[in-house]
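Descriptive analysis of the structure
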Amino acid sequence: MPELVSMRTDGDVAVITIDNPPVNAMKHEVRVSLLDLVVRAAGDPAISAVVIACAGRTFVAGADITEFGQPPRQPTAIAIIEAIEASPKPVVAALHGTPLGGGLELALGCHFRVAAPGTRPGLPEIKLGIIPGAGGTQRLPRLVGMDKAMAMILTGEPISAREALDSGLVDEIVEGDLVAGAIAFARRIVAGKRPLGLVRNRDEKLVSVRDIAAFDAAAANYTRRAKGQNAPAAAIAALRGAITLPVADALKRERDLFLELVAGDQSKAQRHIFFAEREAAKVPDLAGVKAHDIRKAAVIGAGTMGGGIAMCFANAGIPVTVVESDDEALARGLDTVARNYRNTAARGGLAADEMEARIRRITGTTDLAAVADADIVIEAVFEEMDVKQEVFGRLDRIVKGGAVIASNTSYLDIDVLARSTARPQAVLGMHFFSPANVMRLLEVVRGAATSPETLATAIAVGRKLGKVPAVVGVCHGFVGNRMLRLRSIEAERLLLEGALPQDVDAALTDFGFPMGPFAMADLAGLDVGWRMRKAQGLTAPIADELCERGRYGQKTGRGFYLYDRGSRTPQPDPEVERLIVDAAARRGLARRALGKDEMVERLLFPMINEGARILREGIAQRPGDIDVIWVYGYGFPVYRGGPMHYADSVGLRYIRDRLAAFAETTGDERHRPAPLLEELAAAGKGFASLRG
Ligand code: 3HC
Ligand code: NAI
């Protein structure tokens with residue numbers, strides 16, 4: 001086995017190489033060896049410069065996240081950076097891939113940085129609910145200026161090699177062999193006797209931002225959007241130190257804030273989601289199964305979802321044919337797609353030539369025969385079984401052998417659809433979320449007959465489209481919508497019991513959801529659910545009555561709320577309040593004031609209970625899969641880790657007892673604690689204990 005960290009010499013230049021696949025995370029053993037070699041090189045009279053590089057696909061992509069939450073072990077990355085800064089010889093970081101977090105901080109501690117083209121450096125700690133903890137908030141603004149540093153640290157997004165060069169983050173882009181280029185760079189530094197300034201002592205880019213008021217105004221743009229989260233405010237506090245404190249004090253402050261966040265619940269929840277996201281697409285019996293190559297795709301239906309799904313393929317560079325039932329619907333669908341692209345381009349999100357290229361990758365037709373050579377076909381026609389079955393039957397006669405045939409259905413039985421073909425092994429669900437070109441979640445629904453190759457291909461395609469695939473089984477509504485349904489029922493019940501739509505929505509937005517259930521329903525259109533309920537003989541007392549009055553939500557300017565012409569801002573409507581009060585009176589219900597905490601429990605605990613049923617039935621493989629689905633598909637606050645992680649943090653005994661009490665008062669059997677929840681609560685365990 002190659003050493004984790006090794007050193008070789010090239011003349012008088014020492015090259016230290018880190019080799020800890022897959023991403024060269026700086027785990028404890030790496031830190032020990034790296035520190036040792038840096039100190040040795042610095043003290044070796046035969047060495048005049050040092051290059052730190054990495055083997056494999058990337059420069060160090062950060063601290064080893066699995067070590068967080070355990071007692072810190074020396075040396076820390078800070079000790080390594082201090083050893084580099086104490087070196088009398090230039091230390092050059094040779095960057096490639098994704099130098100992230102502690103990896104970029106290591107590079108910022110070096111005297112110089114060179115990078116391969118395509119390198120994407122960043123400080124993504126905020127996405128893990130923490131802030132850079134090894135000097136990133138102090139050294140980055142000194143190199144690239146406060147505005148850029150604030151943007152990088154507060155969004156967590158990496159920048160391109162070009163931006164890194166232009167902003168001063170790297171000193172040179174090396175074309176060709178990176179390490180050879182870094183060695184040559186180091187030799188030029190030595191030969192030119194360039195002084196070894198330390199990034200921490202630079203001040204020139206901070207002089208202009210000593211204006212605290214301007215700093216605070218810029219900071220507010222980020223913290224305003226981060227309600228409820230601790231890390232953004234801490235990042236701002238640390239960055240502020242760069243302009244208000246001596247650097248040593250500011251570094252200490254950063255470290256203290258980092259340690260506090262790492263130990264906190266929010267970071268724990270976000271780390272859980274980081275790993276759960278990567279696990280959700282893993283299926284034990286798929287090991288070694290190869291995904292098919294996808295060169296051409298087809299989408300059936302160019303409505304809300306079909307258009308968005310086609311954009312996903314076009315964005316990923318895959319040509320896609322869109323099939324509609326008639327010319328008019330096709331033109332409408334393609335127009336919407338083109339308008340979406342133009343809007344993105346107008347906002348500066350897409351270069352004009354790239355926009356054209358993407359639009360060109362989408363071909364429209366009304367002839368289903370055009371999908372014959374597609375490697376994957378995704379059906380997104382009306383949510384009606386007979387319509388879909390007919391489409392599947394026709395596809396079966398047209399689509400080439402080996403291709404994947406997927407349905408974007410929200411609720412319907414994939415196994416029934418599969419049986420409309422003579423190749424059920426090629427059929428599965430690929431449930432995108434609206435807007436499909438934006439939302440990251442992809443529920444991959446494995447049917448009873450779906451072959452491992454089909455499943456592996458759908459997962460691989462999802463990844464290629466930039467989605468987070470989560471594999472689920474067949475049931476009405478799969479994982480996400482099945483749980484959502486319980487929340488919707490409860491939200492209506494709260495209205496009858498005493499709340500108003502704005503109260504219920506506020507309870508959930510305060511909890512951290514971007515939108516409450518009623519604002520969400522108005523956005524999606526109330527008529528959709530109404531039609532579905534009617535077809536199934538179900539009711540939702542308030543929503544049904546709103547629909548009967550022609551209040552379909554934003555599209556009609558009125559729903560649970562009122563909307564001014566062209567506005568998307570929901571305004572409470574006295575007519576809705578009257579409607580609710582009357583509906584309660586007709587049912588003989590005495591309305592009462594409901595507290596926010598009570599509403600949150602009423603909305604979330606039944607969902608968690610359903611999650612327990614879903615796990616027991618094997619519809620979801622792991623609690624973390626459910627969490628990923630809710631965070632990426634339904635806006636569950638990531639810093640609470642998804643419903644099942646949240647349940648563990650609340651305690652299952654408490655949830656079980658509350659559910660049992662709800663069942664008594666509502667008489668709703670679905671509130672009876674699910675057997676799995678009962679068992680775990682009785683054993684004093686959490687859902688996390690189900691991990692194998
Ligand atoms: N620590 C531990 N494991 C990590 C890791 C890390 N920092 N980064 C990635 N991994 C693991 C993943 O869990 C995955 O494991 P698996 O194969 O068992 O599922 C494997 O490495 C490969 O990762 P991806 O599947 O994500 O590979 P990609 O090529 O798609 O992406 C990446 C690579 C862009 C580096 C992505 O993994 C990533 O964003 N990693 C996290 C980077 C990060 O957040 N770094 C900051 C850490 S915090 C820090 O440094 C604190 C400091 O300030 C003190
Ligand atoms: P939509 O009504 O906007 O679009 C459906 C399109 O399919 C229409 O343009 C229609 O002309 C076309 N179509 C109907 N029959 C056809 C046929 N035989 N051949 C070709 N085209 C045909 O519906 P939407 O919202 O896009 O939904 C499509 C599917 O996606 C449904 O199964 C729905 O449940 C699912 N879905 C919808 C989501 C949403 O938020 N709208 C979210 C996730 C899934």
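Residues numbered from 1 in each chain as written. Chains lettered and ligands numbered in written order. Predicted model: local features only at pLDDT ≥ 70, side-chain atom pairs only at ≥ 80, totals over all residues. Heavy atoms only, no water.

This part is about the sheet that holds strand β6 (residues 172–173). One open sheet holds the six strands; their spatial order is β1-β2-β3-β4-β5-β6, and the pairing between them is mixed. With partners counted over all chains shown, the strands left at the sheet margins are β1 (5–10) and β6, one partner each. Both strand β2 (residues 13–18) and strand β3 (residues 49–54) contribute to a ladder of six bridges, which runs parallel. Bridge assignment links T17 to a residue of β3, and that residue is A53. (Pairing = 2+ DSSP bridges. Helix = DSSP H or I, 4+ residues; strand = E, 2+ residues; numbered from the N terminus.)

If a probe as big as a water molecule is rolled over the atoms, it shows which places are left empty. Estimated volume of the second largest pocket: approximately 630 Å³. Lining the second largest pocket are 23 residues, and of these K268, A269, H272, H645 and A688 sit closest to its centre. Of all the elements in the fold, those that place two or more residues in the lining of the second largest pocket are α11 (265–279), α25 (623–634) and α26 (643–650). Of the residues in the lining of the second largest pocket, the class split is nine nonpolar, five polar and nine charged. (1 Å grid on protein atoms, 1.4 Å probe; cavity = no way out; pocket = protein on both sides within 12 Å on 5 of 7 lines; lining within 4 Å. Points joined across faces, edges and corners; volume = space filled by probe spheres on them. Nonpolar A, V, L, I, M, F, W, Y, C, P; charged D, E, K, R; others polar.)

Taken together, the neighbourhood of ligand 2 is formed by 21 residues, with M305, E324, E383, K388 and S410 sitting nearest. Separating an oxygen atom of ligand 2 from a side-chain N or O atom of E324 is a distance of 2.5 Å. In this structure, S325 approaches ligand 2 through a main-chain N or O atom, which is 3.5 Å from a nitrogen atom. Protein chains bury 78% of the 830 Å² of accessible surface belonging to ligand 2 in isolation. Contributions of two or more residues to the shell around ligand 2 are made by α12 (304–315), α15 (385–398) and β12 (427–432). (Near = heavy atom within 4 Å. Polar contact = N/O pair within 3.5 Å; in protein donor to acceptor, adjacent residues only side chain to side chain. Areas by Shrake-Rupley, 256 points an atom, 1.4 Å probe, with all protein chains shown as cover.)

Turning our attention to the site of ligand 1. Neighbouring ligand 1 are 25 residues; G102, E105, E125, R278 and K282 lie closest to it. One of the backbone N or O atoms of I65 is found 2.9 Å from a nitrogen atom in ligand 1. One of the side-chain nitrogen or oxygen atoms of E105 is found 2.7 Å away from an oxygen atom of ligand 1. Contact with the protein chains hides 72% of the accessible area of ligand 1, taken as 980 Å² for the molecule alone. When residues of the shell around ligand 1 are traced back to their parent elements, those giving at least two are α3 (102–109) and α11. Of the residues forming the shell around ligand 1, the biggest block, three residues, is contributed by α11. When the residues that make up the shell around ligand 1 are grouped by side-chain class, the tally is 14 nonpolar, five polar and six charged.

Here the focus is a positive patch on the surface. A contiguous patch of positive charge on the surface is contributed by R278, K282, R440 and R463. Position of R440 relative to the elements: it lies in the loop between β12 and β13 (441–446). (Patch = residues over 30% accessible without salt bridge, like charges linked within 9 Å, V, L, I, M, F, W, Y side chains within 5 Å. Salt bridge = Lys/Arg side-chain N within 4 Å of Asp/Glu carboxyl O. Lys, Arg positive; Asp, Glu negative; His and termini not counted. Charge placed at Lys NZ, Arg CZ, Asp CG, Glu CD.)

Our next topic: the nonpolar core. Residues L604 and F687 are the most contacted members of the largest nonpolar core, which totals 92 residues. Broken down by element, this core gets its largest block of residues, ten residues, from helix α24 (residues 596–616). Not counting residues within four places of it along the chain, the set of residues in contact with F687 comprises I608, A612, L615, P623, M644, A647, D648, L652, L676, L677 and L680. M26, V30, I80 and A134 belong to the second-largest nonpolar core, a separate cluster that totals 69 residues. (Core = buried A, V, L, I, M, F, W, Y, C linked by side-chain atoms within 4.5 Å. Buried < 20%, exposed > 50% of the residue type's maximum accessible area, 1.4 Å probe, protein only. Contact = heavy atoms within 4.5 Å.)

A separate point is the packing of aromatic side chains. As enumerated under the stated definition, the model contains 13 aromatic pairs in all. Relative to F258, the ring of F68 has its centre 6.2 Å away and its plane inclined at 80°; by these criteria the two rings are edge-to-face. One end of the pair, F68, is in the loop between β3 and α2 (77–86); the other, F258, is in helix α10 (residues 247–262), and 190 residues separate them in sequence. The residues F68 and F258 share a single accessibility class, namely buried. Residues F511 and F636 carry aromatic rings whose centres are separated by 5.6 Å and whose planes lie at 80° to one another, so their mutual orientation is edge-to-face. Of this pair, F511 sits in helix α19 (residues 501–511) while F636 sits in the loop between α25 and α26, placing them 125 residues apart in sequence. Each member of the pair F511 and F636 is classed as buried. Over the face of the ring belonging to W530 we find K534, whose NZ or CZ atom lies 3.6 Å from the ring centre. Taking NZ or CZ as reference, R640 lies 4.0 Å from the ring centre of F511, over its face. (Phe/Tyr/Trp six-rings, centres within 6.5 Å; stacked < 30°, edge-to-face > 60°. Lys NZ or Arg CZ within 6 Å of the ring centre and 35° of its normal.)

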